[in-house]
Amino acid sequence: MMKNFTFLLLFIIFSLGVANHASATTCPNATSITLPVTSPITLTCGGTDDITSAMGVACAGYTLPLFAANYLGGNEAMYTFTPSSSGQITISATFNPTWTSIWLFQGCPASGGCAIAAVVNGSSGVKTLTACVTAGVQYYIVFDTWPTPNDPCGSGSTFTVTAPGPATVAAATVQPSTATAAAGTTNNQVLRVDLTNY
């Protein structure tokens, strides 16, 4: 009798754990985080592929990497946040498996949300995504794969996120002006800065 009760109890606990784990990657069940995330969070993946390649659509004015949607084929990990201030954030993830990706969606990708940034790569190790966010807007961070592997949550895969701060520009160049300076005036320099997606 005790053996049957123990088996039944273990079955119920296992079933509840699997059901909760499998639904962790739907938008209503995404893990909520508060920025900044300074202590690395270990990725927790769901048991199904809820966010598919058909959902890997860029928001108007944004460009995603070539073949990015192929990296939405595994059992993903999903987190959500709503920043209290606007600015640039950086998501850094350390992946043990290969063929992994980081996505930042504005709104739920399963119900019309679109991607403002994605980083995809076939190697393991650190991947970094930088994007500008707007205060009061809900965002979803999705970690996924181009299977195989089946998910990005391999042993020890973690991530951090900075608080919104001022946008930085990776590189700027100063080019001489083509205008001819009149006698007694200065020939000004033109600073060209690419602010795409900022």
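Before reading further, recall that the structure is shown in the block above.
None of the values given here were measured: they were computed from a predicted structure. (Residues numbered from 1 in each chain as written. Predicted model: local features only at pLDDT ≥ 70, side-chain atom pairs only at ≥ 80, totals over all residues. Heavy atoms only, no water.)

**Observations regarding the packing of aromatic side chains**
One pass over the structure, following the stated rule, counts nine aromatic pairs. On the basis of an interplanar angle of 80° and a centroid distance of 5.3 Å, the ring pair of Tyr71 and Trp146 is categorised as edge-to-face. One end of the pair, Tyr71, is in the loop between strand S2 (37–42) and strand S3 (77–81); the other, Trp146, is in the loop between strand S8 (139–145) and strand S9 (158–161), and 75 residues separate them in sequence. A residue is classified by how much of its surface remains accessible, and Trp146, at 33% relative accessible area, is partly exposed. Ring centres of Trp99 and Trp146 lie 5.9 Å apart, and the angle between their planes is 70°; on these two criteria the pair is classed as edge-to-face. A residue pair is termed long-range when its members are at least 10 positions apart, and Trp99 in the loop between strand S4 (87–95) and strand S5 (100–106) and Trp146 in the loop between S8 and S9 qualify at 47 residues. (Phe/Tyr/Trp six-rings, centres within 6.5 Å; stacked < 30°, edge-to-face > 60°. Helix = DSSP H or I, 4+ residues; strand = E, 2+ residues; numbered from the N terminus. Buried < 20%, exposed > 50% of the residue type's maximum accessible area, 1.4 Å probe, protein only.)

**Observations concerning a nonpolar patch on the surface**
A cluster of nonpolar side chains, namely Leu66, Phe67, Trp99 and Trp146, defines an oily patch on the protein surface of about 470 Å² accessible area. With respect to the helices, strands and loops of the structure, Leu66 is situated in the loop between S2 and S3. Of the residues examined, Leu66 reaches a relative accessible area of 69% and is grouped as exposed. (Patch = residues over 30% accessible without salt bridge, like charges linked within 9 Å, V, L, I, M, F, W, Y side chains within 5 Å. Areas by Shrake-Rupley, 256 points an atom, 1.4 Å probe, with all protein chains shown as cover. Salt bridge = Lys/Arg side-chain N within 4 Å of Asp/Glu carboxyl O.)

**Describing the environment of Thr148**
Following the sequence through the fold, Thr148 ends up in the loop between S8 and S9. In the structure, Thr148 is positioned 50 residues away from Thr98 in sequence and 8.4 Å away in space, judged by C-alpha atoms.

**Remarks on the sheet that holds S8**
One open sheet accounts for five strands, arranged S1-S3-S8-S5-S6; its pairing is mixed. The strands lining the two open edges of the sheet, one partner per strand, are strand S1 (31–32) and strand S6 (114–121). Note: S1 against S3, two bridges, orientation parallel. Paired with Ser32 across the strands is Thr80, a residue of S3. (Pairing = 2+ DSSP bridges.)

**Let's talk about the nonpolar core**
Side chains that are nonpolar tend, in soluble globular proteins, to be buried together. Ranked by internal contacts, the top residues of the largest apolar core, which has 27 residues, are Ile33, Phe81, Ile91, Leu104, Ile141, Phe143 and Val161. Counting residues per element, this core draws most heavily on S4, which supplies four residues. Beyond its immediate stretch of four places on either side in the chain, Val161 contacts Ile33, Leu35, Pro36, Val37, Ile89, Thr90, Ile91 and Ile141. Ranked by size, the runner-up nonpolar core spans 17 residues in total, among them Ala30, Met55, Ala115 and Val142. (Core = buried A, V, L, I, M, F, W, Y, C linked by side-chain atoms within 4.5 Å. Contact = heavy atoms within 4.5 Å.)

**A word on the environment of Met55**
As for its position among the elements, Met55 is in the loop between S2 and S3. The spatial distance from the C-alpha of Met55 to the C-alpha of Pro109 is 5.8 Å, given a sequence separation of 54 residues. With sequence-adjacent residues up to four places away left out, Met55 is seen in contact with Asp50, Leu72, Phe105, Pro109 and Ala110.

**What about the state of the cysteines?**
Using the criterion set out here, one finds three disulfides in the structure. Between Cys27 and Cys108 runs a disulfide, and the two sulfur atoms are separated by 1.9 Å. Judged by the sign of its S-S torsion, about 85°, the bond between Cys27 and Cys108 is right-handed. Here Cys27, found in the loop between helix H1 (2–22) and S1, pairs with Cys108, found in the loop between S5 and S6; they are 81 residues apart in sequence, far enough to count as distant. (Disulfide = S-S within 2.5 Å.)

**What to know about unusual backbone geometry**
Of the consecutive residues Leu35 and Pro36, the connecting peptide bond is found in the cis state with omega at 0°. Residue position: Pro36 is located in the loop between S1 and S2. Following Pro147, the chain continues into Thr148 via a peptide bond in cis, with omega recorded as 0°. Its identity as a non-glycine residue notwithstanding, Phe67 has a phi of 65°, on the positive side.

**Section: the sheet that holds strand S7 (residues 125–133)**
One open sheet accounts for four strands, arranged S2-S9-S4-S7; its pairing is antiparallel. Bordering the open sheet on either side are S2 and S7, each of which pairs with just one other strand. Ignoring strand direction, the axes of neighbouring strands in this sheet form an average angle of 20°. (Axes fitted to C-alpha atoms, helices over the stretch in contact; angles between N-to-C directions.)

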